[in-house]
Amino acid sequence: MSQRRAGVIQVQANGEKLDAKGNFSINMGIPVKEPIMGAGGELQGYKEVPQPGYIEGEITDSKKITISKLQNLKDATVTIRYGSGKVVMCSEAFYSHEGTFTTEEAAVPVKFCGQMQEV
C-alpha cells in the first residue's frame, strides 16, 4: 500500500499560516546523553545534557509578513503538519534566530523554541 510520507508541509504561528519552503527540522527537546569516560578509556556511564525543543526552517517573505513582528514573537503556539499528516506543536514558543534574511528568493529563516509535543 502506497502512503505519502513526505512532501508538502504546513507551518502556522498563532494560527497564521506561514509560507513554508524547503526542509524544516524539528527537535523534540529530549536531553542528549553524553558518555562519561574513565581515565583508562572505559565507559563509566552517561550524563544527560538538556537541549531546547524547536521547529526550524525557511519561509517565503510576503507583504502579509511583518519581519519585526515575527522576530519579536513570544509566548506563541507554532504547529507544523508533515506531508504524512503528523502534527507537532511548539507551545510557549519564541523566535530564536539571528534575524538575517535574503532577497534573491525572499527567504526568511525561522527558528521557534519552546515546549514540544506530538498532537
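The notes below deal with the structure included here. Every value quoted in this text rests on a predicted model; they were computed, and no experiment measured them. (Residues numbered from 1 in each chain as written. Predicted model: local features only at pLDDT ≥ 70, side-chain atom pairs only at ≥ 80, totals over all residues. Heavy atoms only, no water.)

## Points about the overall build of the chain
(1) Moving on: Broken down by element type, the chain carries one helix and nine strands.
(2) Moving on: For the chain, whose C-alpha radius of gyration is 18 Å, the value lies well above the compact-globule estimate of 14 Å for 119 residues.
(3) Moving on: For the chain, the spread of C-alpha atoms along the three principal axes comes to 60 × 45 × 30 Å.
(4) Moving on: For the chain, with 119 residues in total, the buried portion stands at 30%.
(5) Moving on: For the chain, the accessible surface area stands at approximately 7,800 Å², while carbon and sulfur atoms represent 49% of it.
(6) Moving on: Positive and negative side-chain charges in the chain, numbering 13 and 14 respectively, have mean positions lying 7 Å apart. (Helix = DSSP H or I, 4+ residues; strand = E, 2+ residues; numbered from the N terminus. Rg over C-alpha atoms; globule rule 2.2 N^0.38 Å. Buried < 20%, exposed > 50% of the residue type's maximum accessible area, 1.4 Å probe, protein only. Areas by Shrake-Rupley, 256 points an atom, 1.4 Å probe, with all protein chains shown as cover. Lys, Arg positive; Asp, Glu negative; His and termini not counted. Charge placed at Lys NZ, Arg CZ, Asp CG, Glu CD.)

## Side note on the sheet that holds strand β7 (residues 76–81)
(1) Moving on: Taken in spatial order, the seven strands make up an open sheet running β2-β1-β7-β8-β9-β6-β3, and their pairing is antiparallel. Strands with a single pairing partner mark the edges of an open sheet, and in this sheet they are β2 (16–18) and β3 (20–27). Going from strand to strand, the sheet's axes swing by 30 degrees on average, the running direction of each strand aside.
(2) Moving on: In terms of strand pairing, strand β6 (residues 53–60) meets strand β9 (residues 107–118) through eight bridges, oriented antiparallel. (Pairing = 2+ DSSP bridges. Axes fitted to C-alpha atoms, helices over the stretch in contact; angles between N-to-C directions.)

## Quick look at the packing of aromatic side chains
(1) Moving on: Scanning the entire structure with this criterion turns up one aromatic pair.
(2) Moving on: Judged by centre distance (6.3 Å) and plane angle (75 degrees), the ring pair of Y95 and F112 falls under edge-to-face. Here the residue Y95 occupies a position in strand β8 (residues 87–95), and F112 occupies one in strand β9, the gap between them amounting to 17 residues. You'll find Y95 and F112 in the same group, each marked buried.
(3) Moving on: Over the face of the ring belonging to Y82 we find K86, whose NZ or CZ atom lies 5.8 Å from the ring centre. (Phe/Tyr/Trp six-rings, centres within 6.5 Å; stacked < 30°, edge-to-face > 60°. Lys NZ or Arg CZ within 6 Å of the ring centre and 35° of its normal.)

## So, the pairing of strand β4 (residues 32–37)
(1) Moving on: Relative to strand β5 (residues 43–49), β4 runs antiparallel, the two sharing six bridges. If you follow P35 over to β5, its bridge partner there is Y46.
(2) Moving on: Counting the residues between successive antiparallel strands, the hairpin from β4 to β5 contains five residues, one of them, G41, with a positive phi of roughly 90 degrees.

## A short note on the environment of E42
(1) Moving on: Turning to its location among the elements, E42 is positioned in the loop between β4 and β5.
(2) Moving on: Of the residues examined, E42 reaches a relative accessible area of 38% and is grouped as partly exposed.
(3) Moving on: Those residues in contact with E42 that lie beyond four places of it in its chain are I36 and M37.
(4) Moving on: Reaching out from E42, the side chain makes a polar contact with the backbone nitrogen of G40 at a distance of 3.4 Å. (Contact = heavy atoms within 4.5 Å. Polar contact = N/O pair within 3.5 Å; in protein donor to acceptor, adjacent residues only side chain to side chain.)

## With respect to the nonpolar core
Nonpolar side chains in soluble globular proteins tend to end up buried together.
(1) Moving on: Judged by nonpolar contacts, the single largest core of 21 residues is most densely connected at F24, I55, I59, L70, V78, V110 and F112.
(2) Moving on: Broken down by secondary-structure element, the contributors of at least two residues to this core are β1 (10–13), β6, α1 (67–71), β7, β8 and β9. (Core = buried A, V, L, I, M, F, W, Y, C linked by side-chain atoms within 4.5 Å.)

## Remarks on the side chain of N27
(1) Moving on: Tracing the sequence through the fold places N27 in strand β3.
(2) Moving on: In terms of polar contacts, N27 uses its side chain to reach the side chain of Q51, at 3.1 Å.
(3) Moving on: Among all residues touching N27, those that are not within four sequence positions of it are Q51, P52, G53, Y54 and M116.

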